[in-house]
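# Chain and residue survey
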Amino acid sequence: MADIKIEGYIWLETINGLKIGKGRAKLLNYIDETGSIAAAAREIGIPYRKAWGMVEEMNVFSNSPLVVKNLGGKNGGGAFLTIEGKKIVEEYKKINDQFILFKKNKI
């Protein structure tokens with residue numbers, strides 16, 4: 001058989017309608033690293049409004065919120081991943097890493 005190249009993307013989808021793919025996982029990861037939705041949006045090159053919409057949608061379709069936003073003020077605002085948010089990012093990474101190995105090895 002001729003050389004075959006395997007391509008594709010992994011996304012997780014729950015029965016509640018929560019969808020996490022490469023972009024959303026990256027957004028969640030940067031929110032975790034920076035403590036800010038705005039900073040995470042800048043890191044991945046999307047408008048804040050789009051990032052906030054993605055966060056809202058993920059929170060709505062998750063059993064419990066993935067991201068909690070602190071209101072601004074004297075000490076500033078920010079955002080952080082909940083335990084559930086961290087779990088889903090780790091699960092996505094684990095599955096995506098296996099898919100990358102699959103593509104390389106053509107198992």
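In this report, we go over the structure that sits alongside the text. What you see is a predicted model, and the numbers here were worked out from it, not measured in a lab.

## Observations regarding helix α2 (residues 37-44)
Note: α-helices contain 3.6 residues per turn, so residues at a spacing of three or four share the same orientation. Turning to α2, its buried residues are Ile37, Ala39, Ala40 and Ala41. Its buried side turned inward, α2 meets α1 (22-34), α3 (48-61), β3 (67-70) and β4 (78-81). Taking the backbone nitrogen of Ala38 as reference, a side-chain oxygen 3.2 Å away marks Ser36 as the first, capping residue of α2. Gly45 sits one or two positions beyond α2 and adopts a positive phi of about 75 degrees.

## Considerations on the packing of α2 against α3
Running from N to C, α2 and α3 cross one another at 115 degrees; their axes reach a closest spacing of 9 Å. Classed by the angle they form, the pair α2 and α3 counts as roughly perpendicular. The way α2 lies across α3 gives a crossing that is right-handed. Every residue of α3 that contacts α2 at Ile37, Ala38 and Ala41 is listed here: Tyr48, Ala51, Trp52 and Val55. Residue classes in the contact of α2 with α3 are distributed as 7 nonpolar, no polar and no charged.

## Concerning α1
With 13 residues, α1 should reach 18 Å at 1.5 Å per residue; the first-to-last C-alpha distance of 18 Å fits that figure. If you check which residues of α1 are buried, you get Arg24, Ala25, Leu27, Leu28, Asn29 and Ile31.

## Considering the pattern of salt bridges
On inspection of all chains with the given rule, the structure shows 4 salt bridges. Its salt-bridge partner being Asp32, residue Lys86 comes within 3.3 Å of it at the nearest N-O pair. You can see Lys86 sitting in helix α4 (residues 83-105) and its partner Asp32 sitting in helix α1, a full 54 residues away along the chain. Judged by relative accessible area, which is 35%, Asp32 ranks as partly exposed. Among the salt bridges present, the one from Glu90 reaches Lys93, with a minimum N-O distance of 3.9 Å. Linking Glu90 with Lys93, this pair stays in helix α4, spanning 3 residues, or about one helical turn.

Calculation rules
Residues numbered from 1 in each chain as written. Predicted model: local features only at pLDDT ≥ 70, side-chain atom pairs only at ≥ 80, totals over all residues. Heavy atoms only, no water. Buried < 20%, exposed > 50% of the residue type's maximum accessible area, 1.4 Å probe, protein only. Helix = DSSP H or I, 4+ residues; strand = E, 2+ residues; numbered from the N terminus. Contact = heavy atoms within 4.5 Å. Polar contact = N/O pair within 3.5 Å; in protein donor to acceptor, adjacent residues only side chain to side chain. Axes fitted to C-alpha atoms, helices over the stretch in contact; angles between N-to-C directions. Parallel < 35°, antiparallel > 145°, perpendicular 65-115°, else oblique. Left-handed = near helix turned anticlockwise from the far one by under 90°. Nonpolar A, V, L, I, M, F, W, Y, C, P; charged D, E, K, R; others polar. Expected span 1.5 Å × (residues − 1). Salt bridge = Lys/Arg side-chain N within 4 Å of Asp/Glu carboxyl O.

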